[in-house]
Amino acid sequence: ITTKEEYVHVVYSEMQATGSGTLSSLKVKTLNPYTEVWSIVQIGTGSIAGPCTIVELPSGRLLVLVNETSSGSITSWYSDDKGATWARAQSHSDSTSEDYGIVVPDVGSIKAVIHFQAVYHAGYITLIREVVDTSTATHNHEIDHYVSEDFGASFKLIERFQPALATVTGSGTSVADVYDP
């Protein structure tokens, strides 16, 4: 995102192989518009390996929402200093996801959350979570639309779509090109 103060922030999950397995981390890369220098801050390690998104709130606070597990739960992190330091906000997986309004996907065995996007506008955060179950031949697919009116402390499921996935055949555009903006 580009903030009101023209800083550019990119959030991403990174997985690295270690001698004892795989370690994942959540990172934010920030471009300072005045120095034109990029910095990278690691804001979490451990089971963080899922899709993530970043949004700027009216106060200037940056909020990162990340799906840490295959269950579709959400953990949030925030920064009040243009992304220089980060603190973990409440985890929507610390207790039951439903306590925060995050509904368990209804596609059977969840194999991957493939898209996670949030925006702030008109006094609330809109969150879109796209989930696919690749354990069946039909690859069940679900898109959930959530809204938070309290800056991410809780969410309300507004709509759930379960469209059929089209089979990709031939050569040319890859599935990654279609699903990764």
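Definitions and limits used
Residues numbered from 1 in each chain as written. Predicted model: local features only at pLDDT ≥ 70, side-chain atom pairs only at ≥ 80, totals over all residues. Heavy atoms only, no water. Helix = DSSP H or I, 4+ residues; strand = E, 2+ residues; numbered from the N terminus. Buried < 20%, exposed > 50% of the residue type's maximum accessible area, 1.4 Å probe, protein only. Contact = heavy atoms within 4.5 Å. Salt bridge = Lys/Arg side-chain N within 4 Å of Asp/Glu carboxyl O. Phe/Tyr/Trp six-rings, centres within 6.5 Å; stacked < 30°, edge-to-face > 60°. Pairing = 2+ DSSP bridges.

As for its placement among the helices and strands, I54 is situated in strand 4 (residues 52-56). Classification of I54 as buried rests on a relative accessible area of 5%. Setting aside its immediate chain neighbours within four residues, I54 contacts I1, H9, V11, L62, L63, V64, W86 and A118.

So, on to the pattern of salt bridges. Here the structure, examined in full by the defined rule, presents six salt bridges. Between R160 and E142 there is a salt bridge, and its shortest N-O distance comes to 3.2 Å. In this pair, R160 is assigned in strand 11 (residues 156-161) and E142 in strand 10 (residues 140-148), connecting sequence segments 18 residues apart. Several salt bridges share partner residues, and in doing so they unite R129, E142, D144 and R160 into one network.

This next bit is on the packing of aromatic side chains. One pass over the structure, following the stated rule, counts three aromatic pairs. Seen from their ring centres, Y120 and F151 are 6.2 Å apart, and the 20 degrees between their planes marks the pair as stacked. Of this pair, Y120 sits in strand 8 (residues 112-121) while F151 is found in the loop between strand 10 and strand 11, placing the two residues 31 residues apart along the sequence. An angle of 80 degrees between the planes, with centres 6.4 Å apart, marks the rings of Y146 and F155 as edge-to-face. The pair Y146 / F155 is uniform in exposure class, with both members buried.

Within a regular strand, side chains alternate between the sheet's two faces. With five of five residues buried, strand 4 is to be regarded as a mostly interior element. Alternating residues of strand 4 divide into C52, I54 and E56 and T53 and V55, and every residue in both groups is buried. Two strands pair when backbone bridges link them, and strand 4 and strand 5 (residues 62-66) are joined in this way by five bridges, in the antiparallel orientation. What sits directly across from I54, in strand 5, is V64. A loop of five residues connects strand 4 with strand 5, the two strands running antiparallel in sequence, and G60 in this loop sits at a positive phi of about 100 degrees.

Next up on the list: the pairing of strand 10. Burial analysis of strand 10 places seven of its nine residues in the buried class, which makes it a mostly covered element. Note that strand 9 (residues 124-133) and strand 10 share nine bridges and pair antiparallel. Residue T126 lies in a different strand from strand 10, and its bridge partner there is V147. Direction of pairing for strand 10 relative to strand 11: antiparallel, over a ladder of five bridges. The partner of H145 across the bridge, within strand 11, is E159.

Right, let's talk about unusual backbone geometry for a bit. A negative phi angle characterises most non-glycine residues, just as the trans form characterises most peptide bonds. Despite not being glycine, E6 has its phi angle at roughly 75 degrees, a positive value. Tracing the sequence through the fold places E6 in the segment before strand 1 (8-18).

In this structure, W77 sits in strand 6 (residues 75-79). W77 gets classed as buried once you look at its relative accessible area, which sits at 11%. Note: C-alpha distance between W77 and V66 (11 residues apart in sequence) is 8.4 Å.

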